[in-house]
Amino acid sequence: MLLPAVVGALAVGVAMGGQNTGIFDGDPPRWASNLGRVLLILGVIVEVAAVVWVVRTGRYRASRQSPLLALSWSRRRRLARQVRRGTPEADEDAALLVETARQFVEQRWFVVLVAGLAMTSVGQAFLGFAPFFAMIGGLLLVIWAVLTVSVLRNARRGEAFLRDHPDLSGQ
């Protein structure tokens, strides 16, 4: 919620113009430089903490040992589509459907990593303080917002699938 306000402040700051602000280079005012450093450092801390947490909780190892990794991309997409829609096909392997749904649920941690990446990119945009960096930072924020919504929606759909099909979990 705070990031759109920060990007808006960057846009206003760039529009008002810092000293010697060009398309690709600029001299950020002191407030932008300080805010950029704080966001950059905070973003890196959040990213590192998220990675350490994922590794220490065993989520990384569990994802790396998933039987889904041995499947082709088209097969994984088909499984994901069935889980998202909540309609398993009759001839599908129940264990793979359950594993797909569980992975959807367990990937919520990715949102924390994306938040750190977003803070880092906004911090870099403030440090660069040029229209180019503002556009790139804004584009990255949009991409990460879409990714966050997708991950959270898939997690809800995975939970719904597991709740609606308890018979598959027992097989």
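These figures come from a predicted structure and were not determined experimentally.

A.B. asks: Account for the side chain of Thr 100, naming residues and giving values.
C.D. replies: In this fold, Thr 100 is placed in helix H5 (residues 94–106). What Thr 100 contacts, discounting residues up to four positions off in sequence, is Leu 68, Leu 79, Ala 80 and Val 83.

A.B. asks: Give a description of the environment of Val 54 that names residues and reports values.
C.D. replies: Relative to the assigned elements, Val 54 resides in helix H2 (residues 30–56). In sequence terms Val 54 and Trp 109 are 55 residues apart; their C-alpha atoms lie 7.5 Å from each other. In this view, Val 54 contacts Arg 59, Tyr 60 and Trp 109; residues no more than four positions away in its chain are not counted.

A.B. asks: Give me empty space enclosed by the protein: which residues, what numbers.
C.D. replies: Scanning all chains against the criterion turns up 1 cavity of 30 Å³ or more. Estimated volume of the largest cavity: approximately 40 Å³. Arg 59, Ser 63, Gln 103, Glu 106, Gln 107 and Trp 109 are the residues that line the largest cavity. At the level of secondary structure, the elements contributing two or more residues to the lining of the largest cavity comprise helix H3 (59–64) and H5.

A.B. asks: Break down the layout of surface pockets for me, with residues and values.
C.D. replies: Of the volumes computed, that of the largest pocket is approximately 580 Å³. Lining the largest pocket are 19 residues, with Leu 69, Trp 73, Arg 76, Gln 103 and Gln 107 sitting closest to its centre. Those elements giving two or more residues to the lining of the largest pocket turn out to be H3, helix H4 (73–85) and H5. For the lining of the largest pocket, the element with the most residues is H4, which contributes 6 residues. In terms of residue class, the lining of the largest pocket is built from 9 nonpolar, 5 polar and 5 charged.

A.B. asks: Help me get a handle on the packing of aromatic side chains, residues and values and all.
C.D. replies: Using the criterion set out here, one finds 3 aromatic pairs in the structure. Judged by centre distance (5.9 Å) and plane angle (70°), the rings of Trp 31 and Phe 126 are edge-to-face. Within this pair, whereas Trp 31 is found in helix H2, its partner Phe 126 is found in helix H6 (residues 110–128), the two being separated by 95 residues in sequence. According to the relative accessible area criterion, Trp 31 is partly exposed, its value standing at 41%. Seen in terms of ring centroids, Phe 132 and Phe 133 are 5.5 Å apart; in terms of plane orientation they differ by 75°. Their pairing is edge-to-face.

A.B. asks: Please provide a residue-by-residue account of the pattern of salt bridges, values included.
C.D. replies: Tallied over the full model, the rule gives 3 salt bridges. In this structure, Glu 92 and Arg 78 form a salt bridge, with 3.1 Å as the shortest nitrogen-oxygen distance. Here Glu 92 is found in the loop between H4 and H5, whereas its partner Arg 78 is found in helix H4, with 14 residues between them in sequence. Residue Glu 92 is classed as buried on the basis of its relative accessible area, which comes to 9%. For Arg 108, the salt bridge identified is with Glu 159, shortest N-O distance 2.9 Å. With Arg 108 in the loop between H5 and H6 and Glu 159 in helix H7 (residues 131–164), the pair connects residues that are 51 residues apart, well separated along the chain.

A.B. asks: Summarise H4; cite the residues concerned and give the values.
C.D. replies: With 13 residues, H4 should reach 18 Å at 1.5 Å per residue; the first-to-last C-alpha distance of 18 Å fits that figure. Where H4 is concerned, the buried positions are Leu 79, Ala 80, Gln 82 and Val 83. Down the axis of H4, the buried set is contained in an arc of 160°. They therefore lie on one face. Turned more than 90 degrees away from the buried face of H4, the exposed residues are Trp 73 and Arg 85. For H4, the elements touching its buried residues are H5 and H7. With its phi angle positive at about 75°, Gly 86 sits one or two positions after the end of H4.

Calculation notes
Residues numbered from 1 in each chain as written. Predicted model: local features only at pLDDT ≥ 70, side-chain atom pairs only at ≥ 80, totals over all residues. Heavy atoms only, no water. Helix = DSSP H or I, 4+ residues; strand = E, 2+ residues; numbered from the N terminus. Contact = heavy atoms within 4.5 Å. 1 Å grid on protein atoms, 1.4 Å probe; cavity = no way out; pocket = protein on both sides within 12 Å on 5 of 7 lines; lining within 4 Å. Points joined across faces, edges and corners; volume = space filled by probe spheres on them. Nonpolar A, V, L, I, M, F, W, Y, C, P; charged D, E, K, R; others polar. Phe/Tyr/Trp six-rings, centres within 6.5 Å; stacked < 30°, edge-to-face > 60°. Buried < 20%, exposed > 50% of the residue type's maximum accessible area, 1.4 Å probe, protein only. Salt bridge = Lys/Arg side-chain N within 4 Å of Asp/Glu carboxyl O. Expected span 1.5 Å × (residues − 1). Arc of directions from axis to C-beta.

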